[in-house]
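Residues per chain, in single letters:
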Amino acid sequence: MILINENHSFQYEMEKVCRIFYPDEKIRTLKTYEETDETKVVHTKIENSIISVVVKVEEIKVEKSCVDEKTESEMQMARLLVKALEEVTGIYPSWGVLTGIRPSKLMKNEIDNVGREKAIEVFKERFLADEKKAVLAADVSQREEKIIKTTSDKHFSLYISIPFCPSRCKYCSFVSHSIERTNKLIEPYIENLCKEIEVSGKIAKEIGITPDTVYFGGGTPTTLNEEQLKRILESVKNNFDLTNLKEYTVEAGRPDTVTQGKLELLKKYGVGRISINAQTFNDEVLQVNGRRHSVEEFYRAYEIARKVGFESINTDLIAGLQGDTLESFKNSIDSAIRINPENITVHTLSLKRSSSMSTDGEKIKNDAITVSEMVDYAQTQLAKNGYFPYYMYRQSKILGNLENVGWCKKGKECAYNIFMMEECSTVISCGAGAVTKLKEPDGNKLKRIFNFKYPYEYNNRFDEMIDRKNEILLFFDEYKK
Ligand code: SF4
């Protein structure tokens, strides 16, 4: 595709709009018009106070124009381009021109300015979002607000990264290592992780903050055996004051890693919330996507979790998986609802460069319209069955420019997910790939401290990395004065 941007500087925004409709397209950008044999040409221009957009794809040509209002030029042009591309492709993106990660944050600002009803209208008219998405953003934003109010600058979230899984799913873009390949890294990793937890605990005590949420993510933390898990749980218990803890979550994502012994251990250490991820209730789809467990194993793990007494269980599903169909996805949603977990998180597949599906050059067969129907079905059914949307984010390369939404039963929101996503409180993180986010007390300034990404780097350069933790003290020192 050739994208010509004449007499304006909105190249980045126009390119993002084109990618909503043509996510895999190579886009060559030009500043002036030139004759070309290219079959897809988009020409955007501002001239004599007129904004114009011409889209030509094969034999179809659509032209749009409007008077430049000056204060809104970029948004006016984006809207024209979306409308032109809709006519050419027959795809009607439900978020309109919105491509950002957090539509609910944008919605919050609008609600603060003009109130809920008008904010929904702004989403529809200014951003061309459809009614259902605008209402979803408003619902999420208002539910998030309630949870955000429960934290304060005296508290923080503790994140522990366990970047290992039994094997790597084809669509995975996390820093997750298959234990088949990296088993020997695990022991030194746990040793270092416990040291980092100890250092972080001392720092938190010195600053005078205590965790209100703890979250073990990864990877799949339950890939570790009981003894290994116990060492980490013990380290958290011994190094942090957990008296103000409101939520303790451990991801047990891969059902085949779940045993009664591990879940009893988690329960004993105060873990109240776990995530066991079905992703789909279709065995063939699991296999095609390189997820080496069965639907039956998911049911078994879920049953164990209930038997052990977990009252807050999340399960993730993904819309748009390779080999999935609308009917099969509907069955996944219905099956998840039937077992009645407290949280169901519906992701839309996002094909990041680091996933093996991307590097192997596999083409996803689900088109934007089908994936949109999947997500739409999920929204309708979950709402009908007593689930509320409570957090939402979007990723680059997400199919159909759609979204990931956490749904929960009343009062079962995962606070950590909201704090993390909305960046409204400090997160101290330990382990490979973890990012500590420091939030200025009584303000919004954020500072990030990055740990080394991969376990081998984490192990090899541990001392260097642990020195960075002192930046936490320096950051909070500034606000003591
Ligand atoms: S279980 Fe999750 S973290 Fe592990 S490989 Fe699969 S998608 Fe990645």
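Digging into the site of the ligand
- Around the ligand lies a shell of 12 residues, among which Cys165, Cys169, Cys172, Arg254 and Arg291 are the nearest.
- A per-class count over the shell around the ligand returns 5 nonpolar, 4 polar and 3 charged.

With respect to the sheet that holds strand β4 (residues 50–57)
- Strands sit in the order β2-β1-β3-β4-β5 across an open sheet of 5 strands; the sheet is mixed. In the strand order of this sheet, the two ends are held by β2 (28–30) and β5 (60–67), each with one partner. Averaged over neighbouring strand pairs, the angle between their axes works out to 10° when direction is ignored.
- Here β4 pairs with β5 via 8 bridges, running antiparallel. Each residue of the ladder has a partner; that of Val54, found in β5, is Glu63.
- The strands that helix α1 (residues 11–21) touches are β1 (2–6), β2 and β3 (40–47); relative to β1, the one it contacts most, it runs at about 150°.

Observations concerning the domain arrangement of the protein chain
- Each assigned domain of the protein chain is listed here: domain 1 (2–89), domain 2 (103–138) and domain 3 (150–468).
- On a C-alpha basis, the centroid separation for the pair domain 1 and domain 3 is 39 Å.

Some thoughts on the pattern of salt bridges
- What the rule picks out here adds up to 32 salt bridges.
- Two residues, Lys64 and Glu87, come together in a salt bridge whose shortest N-O distance is 2.6 Å. Here the residue Lys64 occupies a position in strand β5, and Glu87 occupies one in helix α2 (residues 73–89), the gap between them amounting to 23 residues.
- Look at Glu87 and you get partly exposed, because its relative accessible area is 47%.

Concerning the packing of aromatic side chains
- Counted under the stated rule, the structure contains 18 aromatic pairs.
- When the centroid spacing of 6.1 Å and the interplanar angle of 20° are considered together, the rings of Tyr159 and Tyr215 count as stacked. Taken as a pair, Tyr159 in strand β6 (residues 155–162) and Tyr215 in strand β9 (residues 210–218) lie far apart in primary sequence, 56 residues in all.
- With relative accessibility at 15%, the residue Tyr159 sits in the buried group.

Some words on the environment of Gly411
- Relative to the helices and strands, Gly411 resides in the loop between β15 (404–408) and α14 (415–422).
- The exposed category is assigned to Gly411, whose relative accessible area is 60%.
- Counting along the chain gives 69 residues from Gly411 to Glu342, while the straight-line C-alpha distance between them is 9.2 Å.

About the thresholds
Residues numbered from 1 in each chain as written. Predicted model: local features only at pLDDT ≥ 70, side-chain atom pairs only at ≥ 80, totals over all residues. Heavy atoms only, no water. Near = heavy atom within 4 Å. Nonpolar A, V, L, I, M, F, W, Y, C, P; charged D, E, K, R; others polar. Pairing = 2+ DSSP bridges. Helix = DSSP H or I, 4+ residues; strand = E, 2+ residues; numbered from the N terminus. Axes fitted to C-alpha atoms, helices over the stretch in contact; angles between N-to-C directions. Contact = heavy atoms within 4.5 Å. Domains from an automatic or database assignment. Salt bridge = Lys/Arg side-chain N within 4 Å of Asp/Glu carboxyl O. Buried < 20%, exposed > 50% of the residue type's maximum accessible area, 1.4 Å probe, protein only. Phe/Tyr/Trp six-rings, centres within 6.5 Å; stacked < 30°, edge-to-face > 60°.

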